[in-house]
Amino acid sequence: MSKLVTVSEMREIEAEANAKGWTYAQMMERAGTGVAQLVHSLYGYEENLQALALVGSGNNGGDALVTLHWLAKAGWKVLAYLVRPRPAGDPLVEKVLNGGGEIALAWEDPSFARLNAWLEGSTVLIDGVLGTGIRLPLQEEVARVLAHVKNLPNRPPCVAVDCPSGVDCDSGEAAPECIPAEITACMAGVKIGLIKYPAFSLVGEIQVIDIGLPSGLSSWEGVQREVIDEEWVSARLPVRPVEGHKGTFGTAMICGGCLSYSGAPMLAAEGAGRSGVGLVQVAVPASVHAVIAGSNWNVTWVPLPEEKGFIAAEAASVLFKSLQRTTALLIGPGFGLEPDTQKFLQRILEANEKIPEERPMGFLSSKDLSARKPSHRSLPPLILDADGLKLLSQIENWQTLLPPNSILTPHPGEMAVLTGLSTSQIQANRINTALEFAQKWNQIVVLKGAFTVIAAPDGRLGYIPIATNALAHGGTGDVLAGIITALRAQGMDSFEAACAGAWIHAQAGLIAAQETGHPASVQATDVCKAIPAVLEWVWKEG
C-alpha cells in the first residue's frame, strides 16, 4: 500500500519518527539502501557496472551518497558529481571515497568535461540534487547542470531520489530543466505533486522505498489517501470459492437505456459480466429491449414501460418487483434526459421502502449476512452514473433520498452539474473537491478522468495513478460503472468496490491500447475484452 502525502505531512511524519527514536540518519540510511537495492535489481545484470549520482547539498544528496556506498560494496564503480557543496567533512562523502568511489565538483568543471566523460560510461544516473523543499525557478548553478544533462541525447537511464530535481512535490509544477526519470523512488509515501501534470510526465515508474518508519505514528496513520495499485486491489477482491455458483457471486441490475443510447446499458452489462458477478439483469425500455435483446445472451431482461423510447415514470413499480434478488443496482447509463425518466428516478428514491427486505448478499456467510441485513426495507446497494446523475440533480433534496454510501460516478462535467462549480474549478482541485462533496452528500464519489479520484464520506481517498486517452471514447464510462456494480454486487464495500473497479478499468484501457495497436482506436468493447487479462493478475481463487 502506498500513501499519498503532502510535503508538510511527510515532514511531520519524519519528525514524529525522529522524536520516537528512529533518527533522521537512520531514515537516510534506509532510504539510500532502498534506492541502491532497487538500482541493483534493475540494472545489476549488465557488464561494467557504473553508477553516477548528481548530488545536492540536502537530504536527497545524502540519500544518493548512501546509495553509492551500498552499490560500491556490491561491486559497482561509483561516481559522485556534487552540484552543490556538501557540509565540510561530510561523513557520507568520506564513505564514498573510502569505498573506492570518485568525487567531482560542478564548480570546478565549467565545460562539463568530467561530467560528460562520466555520463558516457555510466550504466545508470541517480538524480539526488533537489528534494521536496524546492522553490521555482531553480538557482542558476543547479539549473545549468540539470539542463546540460537533460539535453544530452544519449544519457543513461535516470533514477530520481524521491522526486525528479526541480519538481514541486505539492503543486506538480516542474522546472524546464528537470531530467525525466525512468524510475522515481519515493520515500515512504508518494508525494502528491508527482501524480499531477506536468510532474507526472517526468517521474516514469513510481516505486516506494520503505524507510523503516516505526509503527503507531499518528501522523502517518492520519493520512487516509492511498495510491491504488495491484497489491491493494488483490488484497481486497472477494475470494472466489471453486464450489461457488451464480448465487454465490451476487446479482447486478443495470437500469438505463433509451432509443438514442441503446448501447450504454449493454456496455455496462458486459463490464459487469466480465467482472465476476453471478448474474446480470438489464432493465431497459420495452422498445430498446426489442432492438438489443439478441446482442447479449448472457443476461436476463426486464422490459420497462416507456414513453416514446424513454423509461416512463410508471416503470418504477416494474423495477421494484424485479429487485428481490438484486445485490447491486446501477441506474443511469444511456438514460436520456426526458422529464418522465426523471420522475421514474424520483419515484425509485422516494419509494425505496417498498423493496423486499430479504435479499441474498452474494458470497457472504450467514454471520456476515446477518450483520449486513438492513434494519429497514431499502434499495439494494446503489450506483448512479451518466444521465442518471444529471436527472438526480433535478430532484429536490436528492442528497437525503439516496441510501448512504451509494456510489456516484461523475465525469467533471457531471460533477459540475451536481455541485454548481465550473469544470475548471473541479479540475484545478480534484482531490479536495471529491472529498468535500463525498462528505457533504454522505456518498462515495468517483471523479472520473485522468487520475480518477475516489472519495468516501469518512475522509478516505483512493487515487488511480493512470492517465490514458485510450479511455477517451464514448461508452468506456458505462463499462466502468458496470465493473463497479459487479464488485459491489459480490459484497465488496462501496469505497473498495469503487477503487478496485476504477483501477481494473484503467488497466483494461492500457491493455486495450496495446491490443488494438493505438489508443486512438480503442472502443468500449475493447476495454470489456481486456478485463479478464487484468483479473488474471489480481484475483485469487479460494
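Residues numbered from 1 in each chain as written. Predicted model: local features only at pLDDT ≥ 70, side-chain atom pairs only at ≥ 80, totals over all residues. Heavy atoms only, no water.

K.L.:
What is the right way to read the overall build of the chain from this model?
P.N.:
Looking only at helices and strands, the chain has 22 helices and 21 strands in total. Here the chain has a C-alpha radius of gyration of 27 Å; the compact-globule value for 542 residues is 24 Å, and the two agree. Across its three principal directions, the C-alpha atoms of the chain cover 80 × 45 × 45 Å. The buried share among the 542 residues of the chain stands at 56%. The contacts in the chain between residues at least 6 apart in sequence include a share of 72% that link residues at least 24 apart. When the accessible surface of the chain is summed, it comes to about 22,000 Å², and 49% of that surface belongs to carbon and sulfur atoms. Taking the average place of the 40 positive charges on the side chains of the chain and the average place of its 55 negative ones, the gap between the two points comes to 5 Å. (Helix = DSSP H or I, 4+ residues; strand = E, 2+ residues; numbered from the N terminus. Rg over C-alpha atoms; globule rule 2.2 N^0.38 Å. Buried < 20%, exposed > 50% of the residue type's maximum accessible area, 1.4 Å probe, protein only. Contact = heavy atoms within 4.5 Å. Areas by Shrake-Rupley, 256 points an atom, 1.4 Å probe, with all protein chains shown as cover. Lys, Arg positive; Asp, Glu negative; His and termini not counted. Charge placed at Lys NZ, Arg CZ, Asp CG, Glu CD.)

K.L.:
Would you mind going over the sheet that holds strand β12 (residues 279-285) with me for this structure?
P.N.:
Sheet strands pair via backbone hydrogen bonds, and the direction of the pair is either parallel or antiparallel. Taken in spatial order, the 12 strands of this open sheet run β8-β1-β10-β21-β20-β19-β18-β17-β16-β11-β12-β13, and their pairing is mixed. Only two strands of the sheet have a single neighbouring strand rather than two, namely β8 (190-191) and β13 (300-304). Contacts between helix α1 (residues 7-19) and the sheet are confined to β1 (2-5), β8 and β10 (225-227), with β1 contributing the most and set at about 115 degrees to the helix. (Pairing = 2+ DSSP bridges. Axes fitted to C-alpha atoms, helices over the stretch in contact; angles between N-to-C directions.)

K.L.:
Just to check I follow, could you spell out the pairing of strand β6 (residues 158-161) for this structure?
P.N.:
Look at any regular strand and the pattern is simple: side chains alternate between the two faces of the sheet. The two faces of β6 match: Cys158 and Ala160 on one face and Val159 and Val161 on the other face are all buried. When strand β5 (residues 124-128) meets β6, the two strands line up parallel, connected through three bridges. Paired with Asp127 across the bridge in β6 is Ala160. Bridge count for β6 against strand β7 (residues 183-187) is three bridges, and the pairing is parallel.

K.L.:
What am I meant to see in the packing of helix α10 (residues 263-273) against helix α20 (residues 476-489) here?
P.N.:
As a packed pair, α10 and α20 sit with axes 7 Å apart at the nearest point and diverge in direction by 45 degrees. With respect to α20, the element α10 is oriented oblique. Crossing angle aside, the handedness with which α10 passes α20 is right-handed. Contacts between α10 and α20 involve Ala264, Leu267, Ala268, Gly271 and Ala272 from the first element and Asp478, Val479, Gly482, Ile483 and Ala486 from the second. The residue inventory of the contact of α10 with α20, partitioned by class, reads seven nonpolar, two polar and one charged. (Parallel < 35°, antiparallel > 145°, perpendicular 65-115°, else oblique. Left-handed = near helix turned anticlockwise from the far one by under 90°. Nonpolar A, V, L, I, M, F, W, Y, C, P; charged D, E, K, R; others polar.)

K.L.:
Explanation requested: the confidence of the model for the chain in the structure shown.
P.N.:
Predicted coordinates in regions of low pLDDT should not be interpreted in detail. Residues at a pLDDT of 70 or more form 95% of the chain, whose mean pLDDT is 93. Low pLDDT (under 50) marks residues 354-377, which in the prediction has 44 contacts with non-local residues, meaning those over four places away or in another chain. (pLDDT = per-residue confidence, 0-100.)

K.L.:
Hey, could you run me through the environment of Arg114 in this one?
P.N.:
Tracing the sequence through the fold places Arg114 in helix α5 (residues 113-120). In this structure Arg114 comes out as partly exposed when scored by relative accessible area, which is 39%. When the C-alpha positions of Arg114 and Ala104 are compared, they lie 7.6 Å apart, and in sequence the two are 10 residues distant. Excluding anything up to four places from it in sequence, Arg114 contacts Ile103, Ala104 and Asp109.

K.L.:
Looking at this model, I keep getting lost on the pattern of salt bridges. Mind explaining?
P.N.:
Two side chains of opposite charge can pair, provided their charged atoms sit close to one another. With the rule as written, the count across this model stands at 12 salt bridges. A salt bridge links Arg274 to Glu270, with the shortest nitrogen-to-oxygen separation between them at 2.9 Å. The salt bridge partner of Arg460 is Asp493, with a shortest N-O separation of 3.8 Å. Residue Arg460 is located in the loop between β20 (453-455) and β21 (461-463), and its partner Asp493 is located in the loop between α20 and α21 (494-516); the two are separated by 33 residues in the primary sequence. Its relative accessible area of 23% is what places Arg460 among the partly exposed residues. What makes Asp493 partly exposed here is its relative accessible area of 31%. Connected via shared salt-bridge partners are Asp458, Arg460 and Asp493. (Salt bridge = Lys/Arg side-chain N within 4 Å of Asp/Glu carboxyl O.)

K.L.:
Could you clarify how one ought to interpret the side chain of Glu16 in this entry?
P.N.:
By the secondary structure assignment, Glu16 is in helix α1. The exposure class assigned to Glu16 is buried, which follows from its relative accessible area of 15%. In this structure the side chain of Glu16 is engaged in a polar contact, spanning 3.0 Å, whose partner is the backbone nitrogen of Ser218. (Polar contact = N/O pair within 3.5 Å; in protein donor to acceptor, adjacent residues only side chain to side chain.)

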